[in-house]
Amino acid sequence: MTFSELLGEKLLQHNESGNESNEISTNQLDGKTIALYFSAHWCPPCRNFTPKLAEIFKETHNELKDKFDIVFISCDEDQSSFDEYFKEMPWKALPFSDGNSSTILGEKFNVEGIPALVVLSPTCDKITADGVEEIRVASKKALDQWSQGKRLFWSREPREDEYVWEDTACSLCYLSPLIGSRHGCTHKECNIDLCQTCLPNNKHEHPLVEYLMPKK
Ligand SMILES: [Zn+2]
Ligand SMILES: [Zn+2]
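Residues numbered from 1 in each chain as written. Chains lettered and ligands numbered in written order. Predicted model: local features only at pLDDT ≥ 70, side-chain atom pairs only at ≥ 80, totals over all residues. Heavy atoms only, no water.

## Quick look at the packing of helix H5 (residues 131-138) against helix H6 (residues 140-147)
- At a minimum axis separation of 6 Å, H5 and H6 run at an interaxial angle of 130°. Looking at the two axes, H5 sits oblique to H6. Every residue of H6 that contacts H5 at Gly131, Glu134, Ile135 and Ala138 is listed here: Lys140, Lys141, Ala142, Leu143 and Trp146.
- Looking at side-chain class alone, the contact of H5 with H6 contains five nonpolar, one polar and three charged residues. (Axes fitted to C-alpha atoms, helices over the stretch in contact; angles between N-to-C directions. Helix = DSSP H or I, 4+ residues; strand = E, 2+ residues; numbered from the N terminus. Parallel < 35°, antiparallel > 145°, perpendicular 65-115°, else oblique. Contact = heavy atoms within 4.5 Å. Nonpolar A, V, L, I, M, F, W, Y, C, P; charged D, E, K, R; others polar.)

Structure below.
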């Protein structure tokens, strides 16, 4: 499948001054990895995430612009919320269509909540639907992986005696869900999680503690 078949012939992009958006042909994306960004202005976690994503996108743009792009899929309910929100975004957008296309695309890729980033190969095959989490854990390293057609997180089968920590990734090797014993920092803002294998390689400034067991 091509991006034009998936998204239609036209997308929106800001002009150079950033004041207006222009129609561009979807086939400008051909050959790239793209991330569909499902997001809405009414959703506080989305509004929180958008500036972080925009910063990473701008930082990596020179390096990755021929390989990677993002398309905003609006989950807003009216054109004016779409317009206001899209102003903050340095990437492309699917034109607003009363939520119809976002619903169809969301169902196609099993999007269960927003914000969501669904990363697709140039042939529209899903690389990962965990884009938001991968960005949270690894920032621009995630974009590097995606532009090479790879996801950042990996997984393995747990043994019977091993814990499985849902929604948690190892900060060093990106095992997700984290399996086995989990180590973290008592300073919550540090936001570090390590698997048993990575523990000896850790250079974290604070002493780490082992979590007891996952919440049921
Ligand atoms: Zn690890
Ligand atoms: Zn710490």
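## Concerning the domain arrangement of the chain
- We note that the domain assignment places domain 1 (3-147) and domain 2 (164-210) within the chain.
- Computed over C-alpha atoms, the centres of domain 1 and domain 2 are 30 Å apart. (Domains from an automatic or database assignment.)

## Considerations on the packing of helix H2 (residues 44-64) against H6
- Following both chains from N to C, one finds H2 and H6 inclined at 35°, their axes separated by 10 Å at the closest point. For the crossing formed where H2 meets H6, the hand is right-handed. Only Lys140, Leu143, Asp144 and Ser147 of H6 make contact with H2, whose side of the interface consists of Ile56, Phe57, Glu59, Thr60, Glu63 and Leu64. (Left-handed = near helix turned anticlockwise from the far one by under 90°.)

## Focus on H6
- Along H6, the residues that are buried comprise Ala142, Leu143, Trp146 and Ser147. Projection of H6 onto a plane perpendicular to its axis shows the buried side chains occupying an angular sector of 130°, all on one side.
- For H6, the elements touching its buried residues are strand S3 (33-39), H2, strand S4 (68-74), strand S6 (116-120), strand S7 (126-128) and H5.
- Positioned one or two residues after H6, Gly149 has a phi angle of 80°, which is positive. (Buried < 20%, exposed > 50% of the residue type's maximum accessible area, 1.4 Å probe, protein only. Arc of directions from axis to C-beta.)

## Examining the coordination of the zinc ion (ligand 2)
- Within the protein, the atoms that donate to the zinc ion (ligand 2) are Cys185 (SG), Cys190 (SG), His204 (NE2) and His206 (ND1), at distances of 2.0 to 2.3 Å.
- Relative to the metal, the four donor atoms surrounding the zinc ion (ligand 2) lie at angles of 104 to 113°, and the coordination shape comes out tetrahedral.
- Read in sequence order, the donor residues for the zinc ion (ligand 2) give the motif C-x4-C-x13-H-x1-H. Pair noted here: Cys190 is in the loop between strand S10 (182-185) and strand S11 (193-195) and His206 is in the loop between S11 and strand S12 (208-210), with a separation of 16 residues, a long-range link.
- A residue is classified by how much of its surface remains accessible, and His206, at 22% relative accessible area, is partly exposed. (Donors = N, O, S within 2.8 Å, 3.2 Å for Na, K, Ca; no water. Tetrahedral: all angles 85-135°; square planar, octahedral: opposite > 155°, others 65-115°.)

## Let's talk about the coordination of the zinc ion (ligand 1)
- All of the protein donors around the zinc ion (ligand 1) are Cys170 (SG), Cys173 (SG), Cys195 (SG) and Cys198 (SG); their distances to the metal are 2.3 Å.
- For the zinc ion (ligand 1), the four donor atoms in the first shell make angles of 104 to 116° at the metal, a pattern classed as tetrahedral.
- Between the donor residues of the zinc ion (ligand 1), the gaps in sequence give the motif C-x2-C-x21-C-x2-C.
- Classification of Cys170 as buried rests on a relative accessible area of 0%.

## Digging into the layout of surface pockets
- Of the pockets and cavities examined, the largest pocket occupies roughly 720 Å³.
- Taken together, 24 residues form the lining of the largest pocket, with Glu133, Val137, Asp167, Thr168 and Ala169 sitting closest to its centre.
- Of all the secondary structure elements, the ones that give two or more residues to the lining of the largest pocket are H5 and S10.
- It is H5 that contributes the most residues to the lining of the largest pocket, three residues altogether.
- For the lining of the largest pocket, the residue count by class is eight nonpolar, seven polar and nine charged.
- Counting contributing residues, the lining of the largest pocket receives three or more from each of domain 1 (3-147) and domain 2 (164-210). (1 Å grid on protein atoms, 1.4 Å probe; cavity = no way out; pocket = protein on both sides within 12 Å on 5 of 7 lines; lining within 4 Å. Points joined across faces, edges and corners; volume = space filled by probe spheres on them.)

## So, the pattern of salt bridges
- Inspection of the entire model under this criterion finds 10 salt bridges.
- The partner of Arg151 in a salt bridge is Asp130, with the nearest N and O atoms 3.3 Å apart. Here the residue Arg151 occupies a position in the loop between H6 and strand S8 (164-165), and Asp130 occupies one in the loop between S7 and H5, the gap between them amounting to 21 residues.
- Of the residues examined, Arg151 reaches a relative accessible area of 35% and is grouped as partly exposed. (Salt bridge = Lys/Arg side-chain N within 4 Å of Asp/Glu carboxyl O.)

## Examining a nonpolar patch on the surface
- A grouping of Tyr163, Leu212 and Met213 is seen on the molecular surface, where their side chains present a nonpolar patch of about 370 Å² in accessible area.
- Residue Met213 is classed as exposed on the basis of its relative accessible area, which comes to 54%. (Patch = residues over 30% accessible without salt bridge, like charges linked within 9 Å, V, L, I, M, F, W, Y side chains within 5 Å. Areas by Shrake-Rupley, 256 points an atom, 1.4 Å probe, with all protein chains shown as cover.)

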